[in-house]
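What the coordinates show
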Amino acid sequence: MKVAFLTAGGLAPCLSSSIGYLIDEYNKLDPKIQMIGYINGYKGLLLGDSIKVTKKVRDNALILTKHGGSPLGNSRVKLTNVKDCENRKLVKKGQDPLKVAADQLVKDGVDVLHTIGGDDTSLTAADLAKYLKENNYNLTVVGLPKTIDNDVYPIKQSLGAWTAAEEGAKFFANVVKENSANPRMFIIHEVMGRNCGYLTAQTAMEYRKLLNEQIEFLPQFNLTKARQDIHAVYIPEMKISIAKEATRLKKVMKENDCVNIFVSEGACVKEIIQQMKKSGEEVPMDAFGHPRLDKVNPGEWFGKQFAKRIGAEKVMVQKSGYYSRAAAPCKRDLQLIKKCCKHAVKCAIKGHGGVVGQDENKKDVIRACEFERIAGGKPYNIKNPEFKKLLKSIGQIG
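Residues numbered from 1 in each chain as written. Predicted model: local features only at pLDDT ≥ 70, side-chain atom pairs only at ≥ 80, totals over all residues. Heavy atoms only, no water.

Right, let's talk about helix α7 (residues 161-175) for a bit. Counted at 1.5 Å a residue, the expected span for α7 with its 15 residues is 21 Å, and the 21 Å between its end C-alpha atoms agrees. With 12 of its 15 residues buried, α7 lies for the most part within the structure. All of the buried residues along α7 are Ala161, Trp162, Thr163, Ala164, Ala165, Glu167, Gly168, Ala169, Phe171, Phe172, Ala173 and Val175. For α7, the secondary structure elements touched by its buried residues are β6 (185-191), α8 (198-213), β8 (258-264), β9 (314-319), α14 (321-325) and α15 (331-350). (Helix = DSSP H or I, 4+ residues; strand = E, 2+ residues; numbered from the N terminus. Expected span 1.5 Å × (residues − 1). Buried < 20%, exposed > 50% of the residue type's maximum accessible area, 1.4 Å probe, protein only. Contact = heavy atoms within 4.5 Å.)

Another aspect to go through is the side chain of Asn27. Relative to the elements of secondary structure, Asn27 occurs in helix α1 (residues 15-29). Looking at Asn27, the relative accessible area reads 16%, which means it is buried. Not counting residues within four places of it along the chain, the set of residues in contact with Asn27 comprises Met35, Arg58 and Asp59.

Time to look at the packing of aromatic side chains. Each pair of aromatic rings is reported with the distance of its centres and the angle of its planes. Under the definition given, this model contains 12 aromatic pairs. Clustering of aromatic rings is evident, with ring pairs tying together Phe186, Tyr234, Trp301, Phe302 and Phe306. (Phe/Tyr/Trp six-rings, centres within 6.5 Å; stacked < 30°, edge-to-face > 60°.)

With that settled, consider the sheet that holds β8. Strands sit in the order β7-β8-β6-β9 across an open sheet of 4 strands; the sheet is parallel. Edge positions in the sheet fall to β7 (232-234) and β9, since each of these pairs with one other strand and no more. Strand-to-strand, the axes of this sheet are offset by a mean angle of 20 degrees, without reference to chain direction. The sheet contact formed by β6 and β9 spans 6 bridges and is parallel. In the strand pairing of β9, Ile187 is matched with Met316. Lying over the sheet, helix α10 (residues 242-256) contacts β6, β7 and β8, oriented at roughly 140 degrees with respect to β8. (Pairing = 2+ DSSP bridges. Axes fitted to C-alpha atoms, helices over the stretch in contact; angles between N-to-C directions.)

Moving on, we come to the nonpolar core. In this structure, Phe5, Tyr26, Leu144, Tyr207, Val233, Val356 and Phe387 are the most contacted members of the largest nonpolar core, which totals 68 residues. Considering each element in turn, this core owes the most residues, 9 residues, to α7. Not counting residues within four places of it along the chain, the set of residues in contact with Val356 comprises Val142, Gly143, Leu144, Pro145, Cys340, His343, Ala344, Cys347, Ile366, Arg367 and Ala368. Core analysis: the second largest hydrophobic core is formed by 35 residues, Leu6, Ala8, Leu45 and Leu132 among them. (Core = buried A, V, L, I, M, F, W, Y, C linked by side-chain atoms within 4.5 Å.)

With that out of the way, let us pick up a nonpolar patch on the surface. Together, Met1, Leu29 and Ile349 give the surface a local cluster of nonpolar side chains, amounting to about 270 Å² of exposed area. Examined against the element boundaries, Met1 turns out to sit in the segment before β1 (2-7). By relative accessible area, Met1 is classed as partly exposed at 40%. (Patch = residues over 30% accessible without salt bridge, like charges linked within 9 Å, V, L, I, M, F, W, Y side chains within 5 Å. Areas by Shrake-Rupley, 256 points an atom, 1.4 Å probe, with all protein chains shown as cover. Salt bridge = Lys/Arg side-chain N within 4 Å of Asp/Glu carboxyl O.)

If you walk across this open sheet you meet the 7 strands as β3-β2-β1-β4-β5-β10-β11, and the pairing is mixed. A single partner strand is all that each edge strand has here, and the edge strands are β3 (50-52) and β11 (365-369). Adjacent strand axes in the sheet meet at a mean angle of 25 degrees when their direction is disregarded. In terms of strand pairing, strand β10 (residues 354-359) meets β11 through 5 bridges, oriented antiparallel. Pairing of Asp359 across the sheet is with Val365, part of β11. Along the sheet, α1 contacts β1, β2 (34-38), β4 (112-117) and β5 (140-145); its crossing angle with β4, the most-contacted strand, is approximately 155 degrees. Contacting β4, β5, β10 and β11, α15 crosses the sheet at an angle of about 45 degrees to β11.

With that settled, consider the packing of α7 against α8. At their nearest, the axes of α7 and α8 sit 8 Å apart, and the two run at 55 degrees to each other. Taken together, the axes of α7 and α8 are oblique relative to one another. Once α7 is placed against α8, the crossing between them reads as right-handed. Between α7 and α8, the residues in contact are Ala161, Trp162, Ala164, Ala165, Glu166, Gly168, Ala169, Lys170, Phe172 and Ala173 and Tyr198, Leu199, Gln202, Thr203, Glu206, Tyr207 and Leu210, respectively. (Parallel < 35°, antiparallel > 145°, perpendicular 65-115°, else oblique. Left-handed = near helix turned anticlockwise from the far one by under 90°.)

Overall, the coordinates contain 19 salt bridges when judged by the stated rule. Between Glu206 and Lys209 there is a salt bridge, with its nearest N and O atoms 3.9 Å apart. One end of the pair is Glu206 and the other is Lys209, both in helix α8 and 3 residues apart, which spans about a single turn. Residue class for Glu206 comes out buried when judged on its relative accessible area of 10%. Note on Lys209: relative accessible area 34%, which makes it partly exposed. Where Glu370 meets Arg367, a salt bridge forms, and the shortest distance between an N and an O atom there is 2.8 Å.

The next point concerns unusual backbone geometry. For the peptide bond that leads from Tyr153 to Pro154, omega is -10 degrees, which places it in the cis range. Along the chain, Pro154 falls in the loop between β5 and α7. The phi torsion at Asn136 lies on the positive side, around 60 degrees, for a residue other than glycine. Mapping Asn136 onto the fold places it in the loop between α6 (119-134) and β5. In this structure, Arg184 takes a positive phi of about 50 degrees despite not being glycine. The topology assignment puts Arg184 in the loop between α7 and β6.

Tracing the backbone through its elements, the reader meets Ala126 in helix α6. Taking relative accessible area as the criterion, Ala126 reaches 14% and is therefore assigned buried. With 16 residues separating them in the primary sequence, Ala126 and Val142 have C-alpha atoms 9.4 Å apart.

Below you can see the structure in the form of structure tokens.
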């Protein structure tokens, strides 16, 4: 039996750990099982670029669980986007990337392919699994749900999302001190989350826990909780009145000489893109048809909307995404990753394909969720009692 792994999409605090646990589980099951890893995700699969899992790696696989990032490397490649694959010279003109990938797996003697990635990676895995089945390739594809956005149907908790929120909170605990570097400081903490506000909301709640449970203050010497608190949270699922919020935040600025807000990178993106197009600016897209958010810059947009209205002297936009998504997983993420990897190996041995995770439609049982049920864009539930409690405490809702 021969097993292959690949990681794809953006980073999350679970990639290295997932590979480590998978290798260790297969090694315990049968040391004779061959394993390889494709370099840089589906790109490596198309090009036949792989690395062998040696005995040294097998014996030390659990070292990988202590690291962030991916030892195999990632890329963003959609196997059904033929033109993009051709332009990047991943396939020759006229070739079907799905067939190229399938044939490479056969050439490498692979029986099981484990994909570790978010919704785009999982949907591409679904396309590949469907192609393999329809064209009588005897191969099993088993995915693991990685995304710090936690927005994959029907997965209750994506691997790495808890860690990303905790790390984002730690990041802001330092950044917020910048409000002591300048009067009337306006700090914008931009958090990753294209369509879903989960990470922004969860990061805000984790930061609040730090404030309430781990940080001491000395208000008699201007070291107050209010100056380090969150004063607003904006996510894609919320309706935002800039005018009303500006009036509220202007009062916060007057009281505290600073304003601190958490913004999802997907908040108000439609409005920002409309403004960009109206002014003749190009909106670059990625291989999956998503607007490049690093070019859209929602944090800067919010800064421009509020700065004059609230009387800010200085605006600072800080992004925690690359810091938090590259972290090694926290304890509870590690426990979930290990359980999912154990089940993924069991499914692979039985030839059961799908994406392994907590199926929220099956009482949160860890199982191989059928590929046809996998979809991205699951919204954050803004009625979450803990989130509503946060917004109420900062005066954002009545």
